[in-house]
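Single-letter residue listing:
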Amino acid sequence: MKYGVVVFPGSNCDQDMIYVLEHILGQQVVKLWHKDTDLQGCDFIVLPGGFSFGDYLRSGAIARFSPIMTSVIDFANKGGYLLGVCNGFQILTEAGLVPGALLHNTSRKFICKNVHIKAATQNSLITNSIDLTRALKIPIAHGEGNYFTDADTLKLLQDKDQILFHYCDENGNITPESNANGSLQNIAGVCNAGRNVFGMMPHPERAADLELNNTDGLQIFESILTLMHS
Amino acid sequence: MEQTQLTTLETAKELGLLPEEYQKINEILGRVPNFTELSIFSVMWSEHCSYKNSIVWLKTLPKDGPRMLAKAGEENAGLVDIGDGIACCFKIESHNHPSALEPYQGAATGVGGINRDIFTMGARPIAQLNSLRFGDLALDRTKWLIKGVVKGIGDYGNAFGIPTVGGEVFFDECYNINPLVNAMSAGIVNVGETVSATSYGVGNPVYIVGSATGKDGIHGAAFASKDITEDSVNDLPAVQVGDPFQEKLLLEATLEVIKTGAVVGMQDMGAAGIICSNSEMSAKGEHGMVIYLDKVPTRQENMKPYEILLSESQERMLIVVTKGREKEVEAVFDKWDLNCAIIGEVTDTKRLHYYMNNELVADVPADDLVLGGGAPVYHRAYKEPAYFQENKKFNIDQVAEPTDLVAVSEFLIKHPNIASKRWVIGQYDSMVGVANMSTNQPADAAIVNIKGTDKAIALTVDCNARYVHADPEIGCAIAVAEAARNITCAGAEPVAITNCLNFGNPYIPEVYWQFVSAIKGMSSACTKFETPVTGGNVSFYNQSSDEGPVFPTPTIGMLGILDTKASMMTLDFKNVGDAIYLIGESKNDIACSEYLYSYHKIKSSPAPFFDLDKEYDTHQLIKQLIESHAIVSAHDVADGGLFITLMESAMSRNLGFEIESEEDIRKDAFLFGEAQGRIVVSVPEAKQAEFIEIAATSAIEYTLLGTVTAGDILIDEQSFGHVSKYKSSFETSLEKTIESN
């Protein structure tokens, strides 16, 4: 299995994702430069966090026009696995690869802190082995992470089991207080109808190293590894 | 043309030069300088670039140490060997004046500037800290400033992608007009792979790379070298505008271009722009340069030579490249879509020749412009201020002990200087880079993982400026000691400091006395702790016409090393029933405490108790206790006193404490006094014997205070309430105050 991490000029979580996939999980990882179009035969592609092109206009709005994205979109449309974290999720919504949009946090401030999320379904590559009753402590770090979509799309997401994560408190209760950025129905992550493209605002790669004393994010990576290698 | 017109003394004064300085410039050139040349001297001889009013005293600071790879003043930042072939490059710098006028851009560009100082040496920044001081939080101006500064630091640092791992925020009305914004960055680089800020090799091309040059920040260095007045708003063009995306590109491209091996020398464009980089690199390399200013990429049409030379437009680097290797260098900048233009070449004249459209517009000797060369050096007069003796008259017996100490506790936990800075910290990305080991393990210093090794570094910024004001020599020694205490409590070894010296107008003898005394205190403490000064920054003129100088604020940024990550120590109590000990001695001392200052509103008192030798011995004992795993938490007693320290250790895991005070010490002094040299540790039952065995071998006092409880706070069997109430006040009070209208 080969993992590809796309590097936009302003990506800054690319190295973190590579560190976790390569050093902690022992996987083969290549960087995919935004000006290239060759996906180098990767089986799983990650759009990492950061500020892809400075994001002065709207997060992810420019990145989706990168040469590499033409290939990535094509890859996803053919069923290839694609995960977007934080800015990566924003790029996925801009590219129309997952439904919805990510608005400014209701506080109008950048928020960086540990939050708790709970997987809503095991019916996805990235959540298949996560205990649905357990709150995972995973950090967020964003100014625009307030998930929004219209009522019809929301119904579709619910009917088709496309909501992957909800923000919750440490005991797993999905409450207004635990919804740090104002996301619709506490939604922290979704997938597309084809269940091969995944977007989430929290950073699982920031909760995957024992040396940082929090490995809750490993549950997501282990889900990926379990199915990718089965 | 204006720029080649000859100047007069009047013009020199308008540019901030003294008559004797103008005279000296005439002598150096052997003729009357033209306007461009005079502008060059005015910025290079400003305090900001030349340290002319501070260097005499800065030279007295200890600079040597076995780990020093680059000493203070040698490069853009200090370089410390941390072992395993890795060096840490770190520095702190002020951006006070711009932040007073335009808090968002002022603070943002401060972050940009300090990070460029790190990566211009070839080091990749891995952690940022900041030290912020604002005025009375009840004022709308203060709220405007803190919101702007914090957003500026956040937006720049977050996009740049280096975590902000620590810092301090302090409020006092002396900062109403002049806030202090000090930004620190630390990076790592393999030993032997650094780049120097030098220039040599006749015929080597000189490149400017990064952003185009605009009219922002012209005379910024000179602006930072005068008092803030009503007219300062007219200096707005002296404030630069930041673009963190460009900085991120510049970082990656710079580190990549160094790998080509084609770089002779490099320096970022900071204060005083192109002229500063040209002159400092040329002086260091003992060469000259010829520069064609019309080749500099500009943002605006028709920029004048002095504007191009002095512009402080951000996100630019000056690079001298080995002739013949231009293509390799240009390919890197092309990859990152950055400007990369040859603007001239190295000469053997030791002079800087500037041409604009084939006309020679300035001809100046490089060495005469710079610190250590021809820049002026002044011995300023100083005089002890009257308030200093007044402070010593303070007597604790004149202060009535309040009957309700629970009310004092509740007052202090909410005080902006003590309450959680969560509102501030939450706006900074503290976790990018997956190396911040303090996120899930709170400690007295920020601990940053050096991945791929068994090491980590510890970083802290400290300065209680109220102590420094009360007694500059002792207060500054305390700032160093507190930094060392924080590093030690986190399980690391203090190794070096960087300093940001924020003071008022150096031409006022009482202000200069504060500066001189602070330097003396820093010297003695840095010598004792074996933490040499690796560099930093002096910021004078932090004073306004109507409110006078700010507290003397010599911010200390300290670096520590953890040779094994497993020796990291945290500050939080772990288990109900663990014994709580105080290492160090309780004193009948409330001098200079937040309690005395804010609760009793008594503003004249000396610095709190401090004994440098005892302080050092206390740290050695703590080190020994950590190494032997006899304690499970360590937290120093600082602002707010013992009570606040205990609360901070307790709140993290929603635990409480039950303690007894000491009979011969006033209970308010016992709980809220800020006598130095004290650390609270917790010891599990199974480790008690070992703890006592080690502690008993030291000459340092230790006292059993009590035990950790499940959440109740009991002092001398009196209930002080439950931890949850304090925690709620602690976490939300600052936010409520700032967000209220």
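A brief report on the enclosed structure follows. (Residues numbered from 1 in each chain as written. Chains lettered and ligands numbered in written order. Predicted model: local features only at pLDDT ≥ 70, side-chain atom pairs only at ≥ 80, totals over all residues. Heavy atoms only, no water.)

**Observations regarding the overall build of chain A**
Okay, step 1: Secondary structure summary: chain A contains five helices and eleven strands in total.
Okay, step 2: The C-alpha radius of gyration computed for chain A amounts to 16 Å, which stays within 12% of the reference 17 Å derived for 230 residues, consistent with globular compactness.
Okay, step 3: For the C-alpha atoms alone, the extent of chain A along its principal axes is close to 45 × 35 × 35 Å.
Okay, step 4: For chain A, the proportion of its 230 residues judged to be buried stands at 64%.
Okay, step 5: The contacts in chain A between residues at least 6 apart in sequence include a share of 75% that link residues at least 24 apart.
Okay, step 6: Of the roughly 8,500 Å² of accessible surface on chain A, a fraction of 50% belongs to carbon and sulfur atoms.
Okay, step 7: Side chains of chain A carry 16 positive and 23 negative charges; the gap between the two charge centres is 4 Å. (Helix = DSSP H or I, 4+ residues; strand = E, 2+ residues; numbered from the N terminus. Rg over C-alpha atoms; globule rule 2.2 N^0.38 Å. Buried < 20%, exposed > 50% of the residue type's maximum accessible area, 1.4 Å probe, protein only. Contact = heavy atoms within 4.5 Å. Areas by Shrake-Rupley, 256 points an atom, 1.4 Å probe, with all protein chains shown as cover. Lys, Arg positive; Asp, Glu negative; His and termini not counted. Charge placed at Lys NZ, Arg CZ, Asp CG, Glu CD.)

**So, the nonpolar core**
Okay, step 1: Core analysis: the largest hydrophobic core is formed by 97 residues, its most contacted members being A:Phe165 and B:Ile319.
Okay, step 2: It is helix H10 (residues 244–259) of chain B that provides the largest number of residues to this core, a total of eight residues.
Okay, step 3: By size, the runner-up hydrophobic cluster in this structure holds 60 residues, among which are B:Cys174, B:Phe503, B:Tyr512 and B:Tyr541. (Core = buried A, V, L, I, M, F, W, Y, C linked by side-chain atoms within 4.5 Å.)

**Describing the environment of B:Ser313**
All names here are of chain B.
Okay, step 1: By the element assignment, serine 313 lies in the loop between helix H12 (305–310) and strand E10 (316–321).
Okay, step 2: As for serine 313 and serine 682, which are separated by 369 residues in sequence, their C-alpha atoms are 51 Å apart.
Okay, step 3: A polar side-chain atom of serine 313 sits 2.8 Å from the main-chain amide nitrogen of glycine 214. (Polar contact = N/O pair within 3.5 Å; in protein donor to acceptor, adjacent residues only side chain to side chain.)

**Regarding helix H3 (residues 87–94) of chain A**
Residue and element names in this part refer to chain A.
Okay, step 1: Judged by how many residues are buried, H3 sits mostly within the fold: eight of eight residues are covered.
Okay, step 2: By the burial criterion, the buried members of H3 are Asn87, Gly88, Phe89, Gln90, Ile91, Leu92, Thr93 and Glu94.
Okay, step 3: One or two positions beyond H3, positive phi appears at glycine 96, with a value near 75°.

**Some points on the interface of chain A and chain B**
Okay, step 1: Opposite the 30 residues of chain A that make contact, chain B presents 33 residues.
Okay, step 2: Both faces considered, chain A and chain B share a buried interface measuring about 2,500 Å² in area, 56% of it formed by carbon and sulfur atoms.
Okay, step 3: On the chain A side of the interface with chain B, the three residues burying the most area are A:Phe110, A:Glu211 and A:Leu212, jointly 22% of the side's total.
Okay, step 4: As a salt-bridge pair, A:Arg206 and B:Asp429 come within 2.9 Å of each other at their nearest N and O atoms.
Okay, step 5: When residues of the side of chain A that touches chain B are traced back to their parent elements, those giving at least two are helix H1 (14–24), strand E6 (111–119) and strand E7 (136–142) of chain A.
Okay, step 6: Top element by residues in the side of chain A that touches chain B is E6(A). It accounts for four residues.
Okay, step 7: For the side of chain A that touches chain B, the residue count by class is 13 nonpolar, eight polar and nine charged. (Buried area = accessible area lost by both parts, 1.4 Å probe. Salt bridge = Lys/Arg side-chain N within 4 Å of Asp/Glu carboxyl O. Nonpolar A, V, L, I, M, F, W, Y, C, P; charged D, E, K, R; others polar.)

**Notes on the pairing of strand E24 (residues 679–683) of chain B**
Residue and element names in this part refer to chain B.
Okay, step 1: When you tally the buried positions in E24, you get five out of five residues, the bulk of the element.
Okay, step 2: Residues of E24 alternate between two faces, with Ile679, Val681 and Val683 on one and Val680 and Ser682 on the opposite face, all of them buried.
Okay, step 3: Looking at chain direction, strand E21 (residues 579–583) and E24 are connected through five bridges and run antiparallel. Among the inter-strand pairings, leucine 582 is bridged to a residue of E24, identified as valine 680.
Okay, step 4: With four bridges joining them, strand E22 (residues 633–636) and E24 adopt antiparallel strand pairing. In the strand pairing of E24, alanine 634 is matched with valine 681. (Pairing = 2+ DSSP bridges.)

**Side note on the pattern of salt bridges**
Residues and elements named next belong to chain B.
Okay, step 1: Tallied over the entire structure, the rule returns 46 salt bridges over all chains.
Okay, step 2: A salt bridge links glutamate 173 to lysine 603, with the nearest nitrogen and oxygen atoms 3.0 Å apart. Here the residue glutamate 173 occupies a position in the loop between strand E5 (164–171) and strand E6 (180–190), and lysine 603 occupies one in the loop between helix H20 (594–599) and helix H21 (612–627), the gap between them amounting to 430 residues.
Okay, step 3: Overall, the relative accessible area of 46% leaves lysine 603 in the partly exposed class.
Okay, step 4: Notably, a salt bridge pairs lysine 687 with glutamate 690, separated by 3.8 Å at the nearest N-O pair.

**Points about the packing of aromatic side chains**
Two numbers describe a pair of aromatic rings. These are the distance of the centres and the angle of the planes.
Okay, step 1: Under the defined criterion, the tally for this structure stands at 31 aromatic pairs over all chains.
Okay, step 2: With a centroid separation of 5.4 Å and an interplanar angle of 35°, the aromatic rings of B:Tyr512 and B:Phe515 are classed as tilted. A residue pair is termed a helical-turn pair when its members lie 3 or 4 positions apart in one helix, as B:Tyr512 and B:Phe515 do in helix H19 (residues 509–529) at three residues.
Okay, step 3: When its relative accessible area of 0% is taken as the criterion, B:Tyr512 is described as buried.
Okay, step 4: A relative accessible area of 0% places B:Phe515 in the buried class.
Okay, step 5: Residues B:Tyr512 and B:Phe540 carry aromatic rings whose centres are separated by 6.5 Å and whose planes lie at 45° to one another, so their mutual orientation is tilted. Of this pair, B:Tyr512 sits in helix H19 while B:Phe540 sits in the loop between strand E17 (533–539) and strand E18 (543–544), and the two are 28 residues apart along the sequence. Judged on exposure class, the residue B:Tyr512 and its partner B:Phe540 are both buried.
Okay, step 6: Three or more aromatic residues joined by ring pairs make a cluster, and in this case those are B:Phe411, B:Tyr595, B:Tyr599, B:Phe643, B:Phe657, B:Phe672, B:Phe720 and B:Tyr726.
Okay, step 7: Across from the ring centre of A:Tyr19, 4.5 Å away, lies the NZ or CZ of B:Lys451, which sits over that ring.
Okay, step 8: Sitting over the ring of B:Phe609, B:Lys587 keeps its end group 4.2 Å from the ring centre. (Phe/Tyr/Trp six-rings, centres within 6.5 Å; stacked < 30°, edge-to-face > 60°. Lys NZ or Arg CZ within 6 Å of the ring centre and 35° of its normal.)

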